[in-house]
Amino acid sequence: MFNAQRFFMNRFRAYVKETSRYLQYMLNGHTAIALLFLLSAGAYYYQQFLSTLPANFPTVWIIAFFFSLVATYSPIQTFLKEADLVFLLPAEQQMSRYFFNAIFVSYLLQLYLVILVLAVFAPLYAASFGDYRGYWLYAIVLLILKAWNLMATWWMLKIRDKYSRMFDNVARFILQFVLFFFFIEGSPVFAGITTFLLFFLFLYAYYLNMRQKALAWDLLIEKDRMRMRSFYRLANMFTDVPHLKSQVKKRHWLVHLLTARVPFDQKNSYTYLYRITLARSSDYLGMYIRLLVIGLIAIYYIPQQWIAVLIGILFLYLAGLQLMTIWQHHRTVLWIDLYPLSHDARKQAVIRMLQQLLFLQTILFTLTVVVSKDITGSLMMLIGGLLFSLLFVYGYIKGKLK
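Residues numbered from 1 in each chain as written. Predicted model: local features only at pLDDT ≥ 70, side-chain atom pairs only at ≥ 80, totals over all residues. Heavy atoms only, no water.

J.: Let's hear about the overall build of the protein chain: which residues, and what values?
T.: When helices and strands are counted, the protein chain shows 16 helices and zero strands. The principal-axis extents of the C-alpha atoms in the protein chain amount to approximately 70 × 60 × 35 Å. Buried residues in the protein chain amount to 45% of all 402 residues. In the form shown here, the protein chain has an accessible surface area of approximately 22700 Å², with 68% of it arising from carbon and sulfur atoms. Treating the 38 positive side-chain charges of the protein chain as one cloud and the 17 negative ones as another, the clouds have centres 3 Å apart. (Helix = DSSP H or I, 4+ residues; strand = E, 2+ residues; numbered from the N terminus. Buried < 20%, exposed > 50% of the residue type's maximum accessible area, 1.4 Å probe, protein only. Areas by Shrake-Rupley, 256 points an atom, 1.4 Å probe, with all protein chains shown as cover. Lys, Arg positive; Asp, Glu negative; His and termini not counted. Charge placed at Lys NZ, Arg CZ, Asp CG, Glu CD.)

This is the structure we're talking about:
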């Protein structure tokens, strides 16, 4: 006899076990210290900003935007696998309890986003309106709308037309933005009208759901697969993820740029290999560019020179820590072991490339300091970044490449 409740609990336990194992690697000591430093610096400058908040600051617009964004973003994790398309299809009529649990668990798992947004914007609301009165009422409305949106998402998952689902998401976001805006502004009449419009939109989604009796199993499985792939890509920045299949893109212009000056010689084989690996693999290049851009923005807007330098070194550390995983990228390729080259030649090629990337990052950070600060700060960034890059590459990464 098929038991949907027990089947869901088995799938959910397997999901928790797998994700918690990767989260342990992601939140190791190094990453936790870096995150703590970033959060502390962000909280300090956020408090400084609130103390000088201008009177015409668009607080209502910002809070309404993020509240509606969090409410609208309501994916449902069904924990389905590709084989279920064959083996669970005959039991579809008995799966109602399973999907009810999936919706409920998805709501609980996404509460951290609601709590995070409420915690971040509570000081901004108090600085703009003088106290927290009314803010917790908006929090309750956000929690209710989050549940509504999860149900609307589930109803729309029976619709195969992606443009219909996209239109539904956009319409819900706009109406919820207007609702929160009028609610916080103190316009109950307009907020009430928007609530009715939003309610009718939910009814329309329910009507479409009732017209489609069969579940779109392939769509549910694809959504879950893409969601887990995103998690694996994030975890792959910190540890090896066997489940992840790397996406390779040709990027001819970038490959030519990185390999044009590499001499055509046997001893440069590993240098060529790892440079095209960096260019064609989305994991390493995308991660490096994201950390570079975030670091440039943080350094530009931080007024204190020494804190800007520390932030720059922190992002050099994060980039080096994540890029060193490129050493394991070809671990399953047998042909690499057939190269008539020594193990040390391979290690030196990786170390040299990481050093060059960190040097490039240091130079760009230094130029940003020149634009936003002065010469003293730029010298501090240049000397500190180059010195840290050398010590980190040859003192830490070199010993880890085994």
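J.: Please give an account of the packing of helix α8 (residues 162-185) against helix α9 (residues 188-211) that cites residues and values.
T.: Interhelical geometry of α8 versus α9 gives an angle of 160° and a closest axis separation of 8 Å. When the axis of α8 is compared with that of α9, the two are roughly antiparallel. The element α8 and its partner α9 pack so that their crossing is left-handed. Where α8 abuts α9, its residues Asp 168, Ala 171, Arg 172, Leu 175, Gln 176, Val 178, Leu 179, Phe 182 and Phe 183 lie against Phe 190, Ala 191, Thr 194, Thr 195, Leu 197, Leu 198, Leu 201, Phe 202 and Ala 205. In terms of residue class, the contact of α8 with α9 is built from 13 nonpolar, three polar and two charged. (Axes fitted to C-alpha atoms, helices over the stretch in contact; angles between N-to-C directions. Parallel < 35°, antiparallel > 145°, perpendicular 65-115°, else oblique. Left-handed = near helix turned anticlockwise from the far one by under 90°. Contact = heavy atoms within 4.5 Å. Nonpolar A, V, L, I, M, F, W, Y, C, P; charged D, E, K, R; others polar.)

J.: Describe helix α10 (residues 217-235), with residues and values.
T.: Here α10 contains 19 residues, and its C-alpha end-to-end distance of 27 Å stays within 8% of the 27 Å for a straight helix at 1.5 Å per residue. The complete set of buried residues in α10 reads Trp 217, Leu 219, Leu 220, Ile 221, Asp 224, Met 228, Arg 229, Phe 231, Tyr 232 and Ala 235. Residues of α10 that are buried in the fold lie against α1 (4-26), α4 (84-87), α5 (96-109), α7 (135-156) and α8. (Expected span 1.5 Å × (residues − 1).)

J.: Any details on the packing of helix α3 (residues 59-72) against α7? Residues and values, ideally.
T.: Put simply, α3 and α7 touch, their axes get as near as 8 Å, and they point 30° apart. Classified by the interaxial angle, the pair formed by α3 and α7 is roughly parallel. Where α3 crosses over α7, the handedness of that crossing is right-handed. Of the residues in α7, those touching α3 at Phe 67, Val 70, Ala 71 and Thr 72 are Tyr 135, Tyr 138, Leu 142, Leu 145, Lys 146 and Asn 149. Looking at the contact of α3 with α7, its residues break down into seven nonpolar, two polar and one charged.

J.: Run through the packing of aromatic side chains, naming residues and quoting values.
T.: The tally for this structure, following the rule as stated, stands at 34 aromatic pairs. Relative to Tyr 98, the ring of Phe 7 lies with its centre 5.5 Å away and its plane at 35°, an arrangement referred to as tilted. Separated by 91 residues along the polypeptide, Phe 7 in helix α1 and Tyr 98 in helix α5 bring together distant segments of the chain. Ring-pair connections join several aromatic residues into one group, and the members of that group are Phe 7, Phe 8, Phe 12, Tyr 15, Phe 79, Tyr 98, Phe 99, Trp 154 and Trp 217. The ring centre of Tyr 22 lies 5.3 Å from the NZ or CZ of Arg 21, which sits over that ring. (Phe/Tyr/Trp six-rings, centres within 6.5 Å; stacked < 30°, edge-to-face > 60°. Lys NZ or Arg CZ within 6 Å of the ring centre and 35° of its normal.)

J.: Give me the lowdown on the side chain of Thr 366, citing residues and values where you can.
T.: Mapped onto the elements, Thr 366 comes out in helix α15 (residues 343-372). A relative accessible area of 9% means that Thr 366 is categorised as buried. Those residues in contact with Thr 366, other than ones at most four positions away along the chain, are Ser 378, Met 381 and Leu 382.

J.: Account for the nonpolar core, with residues named and values stated.
T.: One finds Tyr 274 and Leu 323 to be the most contacted residues of the largest nonpolar core, which totals 42 residues. When contributions to this core are tallied by element, the ones reaching two or more residues are α12 (269-280), α13 (282-301), α14 (305-323), α15 and α16 (375-400). With sequence-adjacent residues up to four places away left out, Leu 323 is seen in contact with Leu 278, Tyr 284, Met 287, Tyr 288, Leu 354 and Leu 357. If you look at the next biggest cluster of nonpolar residues, it comprises 35 residues, including Tyr 22, Ala 216, Trp 217 and Leu 219. (Core = buried A, V, L, I, M, F, W, Y, C linked by side-chain atoms within 4.5 Å.)

Interpretation in functional terms is not warranted from these geometric data alone.
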